[in-house]
Structures are given as structure tokens and as C-alpha cells.
Amino acid sequence: MPACPQAIVKMTLNADQIADTISRHIYGNFSEHLGHCIYGGIWVGEDSPIPNTRGIRNDVVAALKRLAVPNLRWPGGCFADEYHWMDGIGPRGTRPRMINTHWGGVVEDNSFGTHEFLDFCELIGTEPNITGNVGSGTVEEMSKWVEYLTFDGVSPMANLRKQNGRENPWKIKFWSVGNENWGCGGNMTAAFYADQYRRFATYCRNYGSNKLYKVACGPGGDDYNWTETIMKNIPFNMMDAISLHHYTLFGNWDVKGPATGFTESDYFTTLQKTLYMEELITRHSTIMDRYDPKRKVGLIVDEWGTWYDVEPGTNPGFLFQQSTMRDALIAGMNLNIFNNHCKRVRGANIAQLINVLQAVIFTEGDKMVLTPTFYVFEMYKVHQQAALIPISFKSPEYVLNGQSIPAVTASASRDKSGRIHITFTQADPHREIEVSAELMGVQAGGVTGTVLVSKELTAHNTFEKPEQVKSAVFNSAKLSKNTLTVKLPPASVVMVELY
Ligand code: AHR
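Overview of the structure. (Residues numbered from 1 in each chain as written. Predicted model: local features only at pLDDT ≥ 70, side-chain atom pairs only at ≥ 80, totals over all residues. Heavy atoms only, no water.)

Below, the discussion takes up the sheet that holds strand β16 (residues 387-389). Sheet architecture is open: six strands sit in the order β16-β20-β21-β27-β23-β24, paired in antiparallel fashion. Looking at the sheet topology across the chains shown, the edges are occupied by β16 and β24 (472-473). When strand β23 (residues 447-453) meets β24, the two strands line up antiparallel, connected through two bridges. Looking across to β24, one finds that Val 451 is bridged to Ala 472. Along the sheet, helix α10 (residues 372-380) contacts β21 (420-426), β23 and β27 (492-498); its crossing angle with β23, the most-contacted strand, is approximately 165 degrees. (Pairing = 2+ DSSP bridges. Helix = DSSP H or I, 4+ residues; strand = E, 2+ residues; numbered from the N terminus. Contact = heavy atoms within 4.5 Å. Axes fitted to C-alpha atoms, helices over the stretch in contact; angles between N-to-C directions.)

Here you go:
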């Protein structure tokens, strides 16, 4: 790549204007019964030679603890609106075997069900985020699931739970009433879904001290009418948030483009497309502001990430794709957008956890590898529950083929111990960009950091070469009085800590 002159960006960090908290739930993840996310990725069964705890992979548990995953969405996705939770409880040998019609037509033996999922959540220290079935389920079925999970007393469902080995109820907060009900979740109109939501949500009870945080199915992409209809027709005492789903596609739904082996022009286009998330959140928030100026209802981007063509030779229904430095940049850019919109964005879930779409982990047999996106989540976890610091700057442009996008995105926060963290993405592969930040209301004694960078935009980790892309200590940040200077390498993700 030809070298271009270095650019200098002036930035102001307004730590004296802190107002909002970045919810840790922006760093959520998603595990669906799809391809090898659950089976092979999380669950190998108790009799597997792969080291496991009650059937759950030990290597995956150890890796995920590094990310402090705040919540995990399950069982789908589209799978959720075909899932009947009673199929996944009781002795595993007696659970029904069925076809996973959405994802590859493979046999689903229900060996990973409610108890196994909640065991996994406890092992990795995350909060469960469950999606109930509206599309093909009943109000009674959903209501009984809530009772089974959370009722502490004598009742048919609480008794059944105890019979299945769990005496105490679980604490369940996140509860989605259906998934993509405008599409795979029943092809409903917005008005019809809003009525269905009111019915289903009525019978999802708060038992004892358990308080459900109910999430209504929100729009797919730019369906602003859906947001408008939901906000107009569902009373705010019945819902805590609405969801938003948006994937970054390089091409279109027919030809999505390869996950590796792309050109710089493909790289540029994919990044340009991912920046559309900023417009989507702004416009959906503007609609929500009209109905809910006090921001009682949150926006939860509970499906986002890149979606490419599956790797050649793999099952098209399994959505397995490699993950490169391009994906790392995309993860960092979206997380910066969510942080900066934390007034309304209360959560997000990248799709998906393991072996599916923009995964943070790949597994194959007993092998495991961390993707570039894993390292971004590890670098950015410092923002969880930290106070957002407003920043202002004008990014230099990354120009290619007569088009341009901002080269730099950033977000900043102060954590409970007073440390300040700034995360940057620098998309321009041809030059270093120097940021000179004036620090307002900051008292810091030193600076350190972490960087994710690679010579090739297409660099990725494989089972044979698992450490082609991994984070390293960042030494190019300097602090002098109240000015911070950061030299961002070409095509990099950087986290800087002021302590
Ligand atoms: O994440 C893959 C699929 O994408 C989910 O099942 C669905 O909700 C979305 O369309």
C-alpha cells in the first residue's frame, strides 16, 4: 500500500460534561441454535473427550470470561419463534428430536435446553437474555416458561422445575417477546404485532423479586413505520425497550461477498455501509423521542455485525464465515456508535458468539481460536458501566475511488475508579493519523494502551495460525500536561487508558 502523508486531528475530551452511563449491556452477545454455535461451540456433552463441565466446553468458558460478556441472547433469532421450551427440559434421552427448519434442516435433539443454557450463563458469569416464541407459540406456553424459570413457591411449573433438578428459581431480567415478527417470526404487520405483544406481555409475570425487562420486537433496518407503530400502540408500562436489527452487508442478500480475499475497494465499501448504523440509530431515536422524551424505553440493537457468503464447502444454513481485521474495525466502529448513543441505546448483541456470522470464537473438534473481533471486545470492555465523556473532533477523510468516509471514530468514558479510556478506530490503511486531544476536567498521571493492527486488511486467525491477529501493548500515546497525543497506525483499533 502506498504511504500517504500523516494527518493530525484536534480533539477535545470534555470530562467536565459527563451526563450519561454506557450500559454494560451494549457488550452483549448472541447464541442461537444455528450451525455450530451451540452444538460443538458451547455444548459437547458430558461424555465428550473435549474437556467440559457438565457438557459445556472449558476452553470456551475460560475465553469468554476474558470478555466479561454482560448478557447472552438465546435461543434465537429465527429459531426462537419455532422453539417450544418444554422440548428442552427433563432427562436428555427422552427429549424429542426434530428438524431445525430454519438452519440447515439438521436434527435438533434438544440436548441443550433451558437448564443447560442457564448453567452456561452461570459458568461464564453472564445474564441470560431469553426470547420467547410469539410466531408459532401460545400465550400460555410463554407464560408457563416465565413461571418455570422464576416462580419461587408451589405451582405446576415451579414443581416441574424442581423435579428437573433445580430447586431455586433463576433470576431472569431480559425477556424478548418474539423475534423479527415482521419476518421469520410470523410475517406480521406492525399493528398486529403490537396487539400480540400486549397480549403476550400481560401474562409474562413478575414473580417475587424477579422483574422482567420486556423487549418488544423493533424494526429491521430502516423500517421507521414499525418503530412509530410500536411506540404509538404499546403502553410504556408494558415494555422496557424495543429491539433493532441491522447487519453490515458488503453486497446484497443474494451475493454478500467473501469474508476473506477481498480488495481494498471491498473493504472501503463494507466500512462505509457499517457507518449507516449511526443514521439508523439517530432516526429511530428521533421517532422514540417524540413519544418518549424522557427516554423510558430503551433501544437494544440485539442483532448486528457483518454477514458475508459462507466459507466455500460449508453448509449454507450454518452461516460460518471467517473474520479479519476488517471485522475488527467494524466491531470497533459500531461499539463507538453505541457508546456515543448510550442515552437511548441500552444494549446490543453482536451476532453471534461462536462459529456463526461475526463470531468472537471458532471451534473445531477440540481446537479453539479467537477472532480479531474477540480482541476488540476485550479492549472495549473498559467502557462497561462507565460514564460517557463527550468528545468533539473532525475526522480526516479516508478517500478511495472518489468517495470518502471519516477515517477515525472514537468514544471515551470514565470508570468508577476514575480511569479514562478512549477507544479509536482508524480505517485508512495508507497513513498514520495523529490525534492531539485537549483534556478538559481530567487529572491523569500516565497513559497506557492496547492496539490491534495487522499489515494485511485480510489478516485472520486459523486453527493452524491462531495468532496472526492479536492485541499488543500500545506505546504511541504520550501525555504532556493536559494534552494527549496518540499516533494511530493505519487500519487499527486502539484503546488508550489515562490513569
Ligand atoms: O443471526 C442470524 C439470523 O438473522 C437470526 O436468526 C435472525 O433473527 C436474523 O434474521
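More follows now that the structure is in view.
With 16 residues, helix α9 (residues 325-340) extends 23 Å from end C-alpha to end C-alpha; this agrees with the ideal 22 Å at 1.5 Å per step. Taking burial as the measure, the 16 residues of α9 include 15 buried ones, the bulk of the element. By the N-cap criterion, in which a side-chain oxygen at the helix start approaches the backbone nitrogen of a residue two or three places on, α9 is capped by Thr 324, the distance to Arg 326 being 3.0 Å. (Expected span 1.5 Å × (residues − 1). Buried < 20%, exposed > 50% of the residue type's maximum accessible area, 1.4 Å probe, protein only. Polar contact = N/O pair within 3.5 Å; in protein donor to acceptor, adjacent residues only side chain to side chain.)

Attention now moves to the pattern of salt bridges. Enumeration according to the criterion identifies 22 salt bridges in this entry. The salt bridge partner of Arg 290 is Glu 228, with a shortest N-O separation of 2.8 Å. A residue pair is termed long-range when its members are at least 10 positions apart, and Arg 290 in helix α8 (residues 276-291) and Glu 228 in helix α6 (residues 224-233) qualify at 62 residues. By relative accessible area, Arg 290 is classed as exposed at 53%. The partner of Asp 289 in a salt bridge is Arg 295, and the shortest N-O contact between them spans 3.8 Å. Among the charged side chains, a network of salt bridges with common partners joins Glu 46, Arg 92, Arg 95 and Glu 116. (Salt bridge = Lys/Arg side-chain N within 4 Å of Asp/Glu carboxyl O.)

The next point concerns helix α2 (residues 114-124). Among the 11 residues that make up α2, nine are buried, leaving the element largely enclosed by the rest of the structure. Thr 114, His 115, Glu 116, Phe 117, Leu 118, Asp 119, Phe 120, Cys 121 and Ile 124 are the residues of α2 that are buried. Buried residues in α2 make contact with β4 (56-57), α1 (58-65), β5 (71-74), β8 (127-132), α3 (139-150) and α4 (156-163). Gly 125 occupies a position one or two residues after α2 and carries a positive phi of about 70 degrees.

Read around the barrel, eight strands follow the order β2-β5-β8-β9-β10-β11-β12-β13 and close on themselves; strand pairing throughout is parallel. Across the sheet, the mean angle from the axis of one strand to that of its neighbour is 30 degrees, orientation sign disregarded. By the bridge criterion, two bridges tie strand β10 (residues 213-216) to strand β11 (residues 241-248) in an arrangement that is parallel. Across the sheet, Ala 216 pairs through a bridge with Ile 242, a residue of β11. In this fold helix α5 (residues 190-202) packs onto β9 (174-177) and β10, with an angle of close to 160 degrees to the strand it touches most, β10. Sheet strands touched by α9: β11, β12 (298-306) and β13 (345-351). Its angle to β12, the strand with the most contacts, is close to 170 degrees.

The next point concerns the packing of α5 against α6. A pair of packed helices is captured by two measures, namely the crossing angle of their axes and the spacing between those axes. Direction vectors running N to C along α5 and α6 enclose 35 degrees, while the axes themselves pass 9 Å from each other. Crossing handedness for the pair α5 and α6: right-handed. Between α5 and α6, the residues in contact are Ala 190, Ala 191, Tyr 193, Ala 194 and Arg 198 and Trp 226, Thr 229, Ile 230 and Asn 233, respectively. Tallied by class, residues from the contact of α5 with α6 come to six nonpolar, two polar and one charged. (Left-handed = near helix turned anticlockwise from the far one by under 90°. Nonpolar A, V, L, I, M, F, W, Y, C, P; charged D, E, K, R; others polar.)

This next bit is on the state of the cysteines. Taken as a whole and assessed by the stated rule, the structure comprises one disulfide. Here Cys 78 connects covalently by a disulfide to Cys 184, the sulfurs 2.2 Å from one another. Taking the sign of the S-S torsion, -90 degrees for the link of Cys 78 and Cys 184, the bridge is left-handed. Of the two residues, Cys 78 is situated in the loop between β5 and β6 (98-100) and Cys 184 in the loop between β9 and α5; the sequence distance between them amounts to 106 residues. Distance from the sulfur of Cys 37, which forms no disulfide, to the nearest cysteine sulfur (Cys 121) is 12 Å. (Disulfide = S-S within 2.5 Å.)

A few words now on the site of the ligand. Close to the ligand lie Phe 30, Glu 32, Gly 77, Cys 78, Trp 103, Asn 179, Glu 180, Tyr 247, Glu 303, Trp 307, Gln 352 and Leu 357, which account for all nearby residues. Within the backbone of Cys 78, one N or O atom sits 2.8 Å away from an oxygen atom of the ligand. Within the contact set of the ligand, an oxygen atom lies 2.7 Å away from a side-chain nitrogen or oxygen of Tyr 247. Taken together, the residues of the shell around the ligand break down into six nonpolar, three polar and three charged. (Near = heavy atom within 4 Å.)

Now for the pairing of β11. Of all eight residues making up β11, eight are buried, and the element is well covered by its neighbours. What you see with β11 is no split at all: Ala 241, Ser 243, His 245 and Tyr 247 on one side and Ile 242, Leu 244, His 246 and Thr 248 on the other are buried throughout. As paired strands, β11 and β12 are joined by seven bridges and run parallel to one another. Bridge pairing in β12 places His 246 opposite Trp 304.

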